[in-house]
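So the chains spell out like this:
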Amino acid sequence: MSIEDYGGGQSPQADVLVVTTNDVPGHTVQQVIGEVFGLTVRSRHLGSQIGAGLKSMIGGELKGLTKTLVETRNQAMDRLIEQARARGANGVLAMRFDVTEAADIGTEVCAYGTAVVISKA
């Protein structure tokens, strides 16, 4: 697997800027729209669980699970951006991820932040 399989983030041409900071240098917040989030729940398939169990006995990275978590976070982020765009935002401030186990059957990943309209200062 290549490094692209283990990362995320936005392209430079994104129409909704998502940042983990409370402001964007060089920009002014024109309007605060409010909280937005993107949520997904993924279950692990039996093969990856067996493989992860065996790998955990000898140590090392669980690459299959790592790739699944990256895909899950990216899907949650895509849904966050869709919701922000639908509400008229062109930015999301203070974006965070929340990850929890969902009833022992999967992993819930939520990307959340504050949707805003920003403009260059």
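Details of the structure are given in the entry above.
Anyway, here's the lowdown on the structure attached to this text. (Residues numbered from 1 in each chain as written. Predicted model: local features only at pLDDT ≥ 70, side-chain atom pairs only at ≥ 80, totals over all residues. Heavy atoms only, no water.)

**Re the sheet that holds strand S3 (residues 91–102)**
For the record, the criterion: For two strands to count as paired, DSSP must find a minimum of two bridges between them. Per the convention used, a helix needs a DSSP run of H or I reaching at least four residues, while a strand needs a run of E reaching at least two, with both numbered from the N terminus. Residue contacts are counted whenever heavy atoms from the two residues lie within 4.5 Å of one another. Under this scheme, a helix contributes an axis fitted over its contacting stretch, all axes are lines through C-alpha atoms, and angles between N-to-C directions fall in the 0 to 180 degree range.
The strand order across the open sheet formed by four strands is S1-S3-S4-S2, and the pairing between neighbours is mixed. The strands lining the two open edges of the sheet, one partner per strand, are strand S1 (17–18) and strand S2 (27–42). Where helix H2 (residues 63–86) meets the sheet, it contacts S1, S2, S3 and strand S4 (106–120), and its direction lies at approximately 135 degrees from that of S2.

**A word on the nonpolar core**
Where a protein is soluble and globular, its nonpolar side chains tend to be buried together. Stated formally: The criterion is simple. A nonpolar core is a set of buried Ala, Val, Leu, Ile, Met, Phe, Trp, Tyr and Cys residues joined through side-chain atoms within 4.5 Å. Under the scheme applied here, a residue whose accessible area is under 20% of the maximum for its type counts as buried, over 50% as exposed, and between as partly exposed, the area being computed with a 1.4 Å probe on protein chains only.
Among the nonpolar cores identified, the biggest contains 15 residues, and Val-18, Leu-80, Ala-84, Val-92 and Met-95 are the most heavily contacted of them. Elements with a minimum of two residues in this core: S2, H2, S3 and S4. If you tally residues by element for this core, the top one is H2, at five residues. Residue contacts for Leu-80: discarding those within four places in its chain leaves Val-18, Val-36, Phe-37, Gly-38, Val-92, Met-95, Ala-111, Tyr-112 and Gly-113. In terms of nonpolar packing, the next biggest core, distinct from the first, is built from five residues, Val-19, Leu-93, Val-116 and Ile-118 among them.

**Some words on the environment of Ala-121**
Note on placement: Ala-121 falls in the segment after S4. Using a relative accessible area of 81% as the deciding quantity, one classes Ala-121 as exposed. Along the sequence, Ala-121 and Val-24 sit 97 residues apart, while their C-alpha atoms lie 10.0 Å from each other. Here Ala-121 is in contact with Gly-26, His-27 and Thr-28, once residues within four sequence places are set aside.

**Comments concerning H2**
A turn of α-helix holds 3.6 residues, and therefore any two residues three or four places apart point the same way. Formally: Helices are assigned an expected span. That span is 1.5 Å times one less than the residue count.
Its 24 residues give H2 an end-to-end C-alpha distance of 35 Å, which sits within 8% of 34 Å, the value for a rise of 1.5 Å per residue. All of the buried residues in H2 are Val-70, Thr-72, Ala-76, Met-77, Leu-80, Ile-81 and Ala-84. Looking at the residues trailing H2, positive phi occurs at Gly-88, about 90 degrees.

**Topic: the side chain of Thr-72**
Here Thr-72 shows up in helix H2. When residues no more than four places from it in sequence are discounted, the contact partners of Thr-72 are Thr-40, Arg-42 and Val-109.

**Quick look at the packing of aromatic side chains**
The description of an aromatic ring pair rests on the distance of the ring centres and on the angle between the ring planes. Going by this rule: In this scheme Phe, Tyr and Trp rings, the latter by its six-membered ring, pair at centre separations within 6.5 Å, and the angle between planes marks the pair as stacked below 30 degrees, edge-to-face above 60, and tilted otherwise. The criterion for a charge sitting over a ring is simple: Lys NZ or Arg CZ within 6 Å of the ring centre, and within 35 degrees of the ring normal.
For the coordinates displayed, the defined rule picks out zero aromatic pairs. One residue, Arg-73, lies across the ring of Phe-97, its end atom 3.8 Å from the ring centre.

**Examining the pairing of S4**
The side chains of a regular strand alternate, residue by residue, between the two faces of the sheet. When S2 meets S4, the two strands line up antiparallel, connected through 14 bridges. Paired with Gln-31 across the strands is Val-117, a residue of S4. Pairing analysis gives ten bridges linking S3 to S4, with the strands arranged antiparallel. What sits directly across from Gly-91, in S4, is Val-116. As consecutive antiparallel partners, S3 and S4 are separated by three residues, and within that stretch Ala-103 has a phi angle of approximately 50 degrees, a positive value.

**Looking at the pairing of S3**
Taken together, the two bridges between S1 and S3 define a ladder with parallel strand orientation. Residue pairing for S3: Leu-17 is matched across the bridge by Gly-91.

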